[in-house]
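# Architecture and fold: a report
One-letter residues, chain by chain:
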Amino acid sequence: MATRAEKEQRVQELTEFVVEAPLWMVSDYRGLSVSAFAELRRKLREHDATITVAKNTLFQRVLGSADLSTADDMFVGPSAVTACWGDIASAAKVLWDLFQDEESMVIRGGVMDGEIIDTEVIARLSALPSRDELLAEAVGGIASPITGLVYTLDALLSGLVYTLQGRILQMEESSAG
């Protein structure tokens, strides 16, 4: 059994965990094996996110101190909290995809930038393209006109070179004849 000091330390850790993350999601992790939970943790780490489990009473203390006591109703039964610091769309997708495959597990909701969000918002977040995909689209959109310009200029220069070569050949033929 944890001592009072250990519980206070854990509440402090969870408060930092919840307050600093731009997005955190609450889920029921029942039915998830230890190896599947470890795999989930690994996948989330790739997207600068992590998942933790603690007693609901500790989370409720954290919510009270973080002025988010309206999120108490998400903490019913075994609860895991996934916090995202990086690409929130990718982290939401990892969690959403796993929970779509496992029917017994449920995402209960979360908090994004201090606002409580429901499962529908998390579903929409998971459907968004990742940050890397958005950056690739932006770069492609910027590079496309430039690439077109390069090909056009190349064609113009090639045409000029062929014309000059033809004229040189024509002059050589006329001087030789």
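For the structure itself, consult the block above.
Now for a description of the structure that goes with this document. (Residues numbered from 1 in each chain as written. Predicted model: local features only at pLDDT ≥ 70, side-chain atom pairs only at ≥ 80, totals over all residues. Heavy atoms only, no water.)

## Some thoughts on the overall build of the protein chain
Each helix and strand in the protein chain was counted, giving 6 helices and 5 strands. Of the regular secondary structure in the protein chain, the N- to C-terminal order runs α-β-α-β-α-β-α-β-β-α-α. The C-alpha radius of gyration of the protein chain comes to 29 Å, more than 25% above the 16 Å expected for a compact globule of 177 residues. Expressed as lengths along the three principal axes of its C-alpha atoms, the size of the protein chain is roughly 105 × 30 × 30 Å. Long-range pairs, those at least 24 residues apart, make up 77% of the contacts in the protein chain with a sequence separation of at least 6. Between the mean site of the 15 positive side-chain charges and the mean site of the 27 negative ones, the protein chain shows a separation of 9 Å. (Helix = DSSP H or I, 4+ residues; strand = E, 2+ residues; numbered from the N terminus. Rg over C-alpha atoms; globule rule 2.2 N^0.38 Å. Contact = heavy atoms within 4.5 Å. Lys, Arg positive; Asp, Glu negative; His and termini not counted. Charge placed at Lys NZ, Arg CZ, Asp CG, Glu CD.)

## Remarks on the environment of L32
For L32, the location among the structural elements is in the loop between β1 (23–28) and α2 (34–45). L32 sits 108 residues away from G140 along the chain, and the two C-alpha atoms are 40 Å apart.

## Points about the pattern of salt bridges
Overall, the coordinates contain 8 salt bridges when judged by the stated rule. Of the charged contacts, one joins R42 and E39 as a salt bridge, the two residues approaching to 2.5 Å between their closest N and O atoms. Here the residue R42 and the residue E39 both occupy positions in helix α2, the gap between them amounting to 3 residues, near one helical turn. Here R124 ties to E120 by a salt bridge, and the two come within 3.2 Å at their closest N and O atoms. Pair noted here: R124 and E120 are both in helix α5 (residues 119–127), with a separation of 4 residues, about one helical turn. Among the charged side chains, a salt-bridge network with shared partners connects D28, R30 and R108. (Salt bridge = Lys/Arg side-chain N within 4 Å of Asp/Glu carboxyl O.)

## What about unusual backbone geometry?
Keep in mind that most residues, glycine aside, have a negative phi and that most peptide bonds are trans. Even without being glycine, D48 reaches a positive phi, approximately 55°. Along the chain, D48 turns up in the loop between α2 and β2 (49–53). By relative accessible area, D48 is classed as partly exposed at 44%. (Buried < 20%, exposed > 50% of the residue type's maximum accessible area, 1.4 Å probe, protein only.)

## Quick notes on the packing of aromatic side chains
Per the counting criterion, the structure on display carries 3 aromatic pairs. On the numbers, 6.4 Å between centres and 40° between planes, the contact of W24 with F75 is tilted. One end of the pair, W24, is in strand β1; the other, F75, is in the loop between α3 (56–65) and β3 (80–84), and 51 residues separate them in sequence. Each member of the pair, W24 together with F75, is buried. On the numbers, 4.9 Å between centres and 25° between planes, the contact of F59 with F75 is stacked. Of the two residues, F59 is situated in helix α3 and F75 in the loop between α3 and β3; the sequence distance between them amounts to 16 residues. Each of the two residues, F59 as well as F75, counts as buried. (Phe/Tyr/Trp six-rings, centres within 6.5 Å; stacked < 30°, edge-to-face > 60°.)

## With respect to the sheet that holds β3
The 5 strands lie next to each other as β2-β3-β1-β4-β5, forming an open sheet whose pairing is antiparallel. Each edge of the sheet is formed by a strand with only one pairing partner; in this case those strands are β2 and β5 (115–117). Pairwise comparison of adjacent strand axes, ignoring direction, gives a mean angle of 20° for this sheet. Sheet strands touched by helix α1 (residues 4–20): β1, β2 and β3. Its angle to β2, the strand with the most contacts, is close to 145°. (Pairing = 2+ DSSP bridges. Axes fitted to C-alpha atoms, helices over the stretch in contact; angles between N-to-C directions.)

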